[in-house]
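# Notes for the structure review
Each chain is listed here by its residues.
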Amino acid sequence: MTSQESDRDERYMRAAIDEALAARDADEVPVGAVVVRVDRIIGRGHNQREQLNDPTAHAEMLALTAAAAFVGSWRLDGCTLYVTLEPCAMCAGAVVLARMERLVFGAVDPKAGACVSLYNIPTDERLNHRVLLSDSVLADQCAALLQDFFARQRAPQKD
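Residues numbered from 1 in each chain as written. Predicted model: local features only at pLDDT ≥ 70, side-chain atom pairs only at ≥ 80, totals over all residues. Heavy atoms only, no water.

## Some points on the side chain of Glu86
- Structurally, Glu86 is set in the loop between strand 3 (79-85) and helix 4 (89-97).
- Here Glu86 occupies a buried position and makes no salt bridge, while the nearest side chain of opposite charge, Lys111, is found at 13 Å.
- Of the polar contacts made by the side chain of Glu86, one reaches the backbone nitrogen of Asp109; its length is 2.9 Å.
- Sequence-distant contacts of Glu86, defined by excluding residues within four places in its chain, comprise Phe105, Ala107, Val108, Asp109, Gly113, Ala114, Cys115, Val116 and Ser117. (Helix = DSSP H or I, 4+ residues; strand = E, 2+ residues; numbered from the N terminus. Buried < 20%, exposed > 50% of the residue type's maximum accessible area, 1.4 Å probe, protein only. Lys, Arg positive; Asp, Glu negative; His and termini not counted. Salt bridge = Lys/Arg side-chain N within 4 Å of Asp/Glu carboxyl O. Polar contact = N/O pair within 3.5 Å; in protein donor to acceptor, adjacent residues only side chain to side chain. Contact = heavy atoms within 4.5 Å.)

## Considering the pairing of strand 1 (residues 32-37)
- Counted residue by residue, strand 1 has five buried out of six residues, so it is predominantly covered.
- Two strands pair when backbone bridges link them, and strand 1 and strand 2 (residues 40-46) are joined in this way by six bridges, in the antiparallel orientation. Looking at strand 2, one finds that Val35 is bridged to Gly43.
- Where strand 1 hands over to strand 2, the hairpin turn is made up of two residues, of which Val38 adopts a positive phi near 50°. (Pairing = 2+ DSSP bridges.)

## Focus: the environment of Glu86
- For Glu86, a relative accessible area of 2% gives the class buried.
- Taking the C-alpha atoms as reference, Glu86 lies 8.0 Å from Val116; in sequence the two are 30 residues apart.

## Topic: the packing of aromatic side chains
- Enumeration according to the criterion identifies two aromatic pairs in this entry.
- Aromatic side chains Tyr12 and Tyr82 sit 5.4 Å apart centroid to centroid with 40° between the ring planes, which places their arrangement in the tilted category. Of the two residues, Tyr12 sits in helix 1 (residues 3-25) while Tyr82 sits in strand 3, which places them 70 residues apart along the sequence. For the residue pair Tyr12 and Tyr82, the accessibility class agrees, reading buried in each case.
- Positioned above the aromatic ring of Tyr12 is the side chain of Arg11, whose terminal nitrogen or guanidinium carbon lies 4.7 Å from the ring centre. (Phe/Tyr/Trp six-rings, centres within 6.5 Å; stacked < 30°, edge-to-face > 60°. Lys NZ or Arg CZ within 6 Å of the ring centre and 35° of its normal.)

## Topic: the pattern of salt bridges
- Within this structure, the stated rule accounts for six salt bridges.
- Between Arg102 and Asp9 there is a salt bridge whose closest N-O contact spans 2.6 Å. Here Arg102 is found in strand 4 (residues 102-107), whereas its partner Asp9 is found in helix 1, with 93 residues between them in sequence.
- For Arg102, a relative accessible area of 14% puts it in the buried group.
- Its relative accessible area of 1% is what places Asp9 among the buried residues.
- Two residues, Glu19 and Arg44, come together in a salt bridge whose shortest N-O distance is 3.6 Å. Residue Glu19 is found in helix 1, and its partner Arg44 is found in strand 2; the two are separated by 25 residues along the sequence.

Spelled out as structure tokens, the structure:
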């Protein structure tokens, strides 16, 4: 990866982190995502499962839906998804089904990650499409958001 590619990945991961902060501020698990095509963000999302009472309202799903609406097609070829946490099986599957070119994520998810941790859905040769994968981009910052959020959730409430 060139220095220019690395800088671009970090720039868009920061945009995904901004989305994660919006989730945190809404008392949602702080995961954020952006979809990029030709150096332009065309879809954004952050976790909204609690707000929408929707188990599928993951950051990735919402960003993919927004991007598909923007381009007017479910095919997101030529697009890159940047997400702060390794996608789960549902979201990794959606990335493949959307024909994404590339997936870039920050923190690994050893309990539910379906890209490198538990499964390798985006790169599975048995599927009809494979997605280029880059992980651990700004991983420490992405992980810290989650760790801080869950530490606050577990802390005793003061009246």
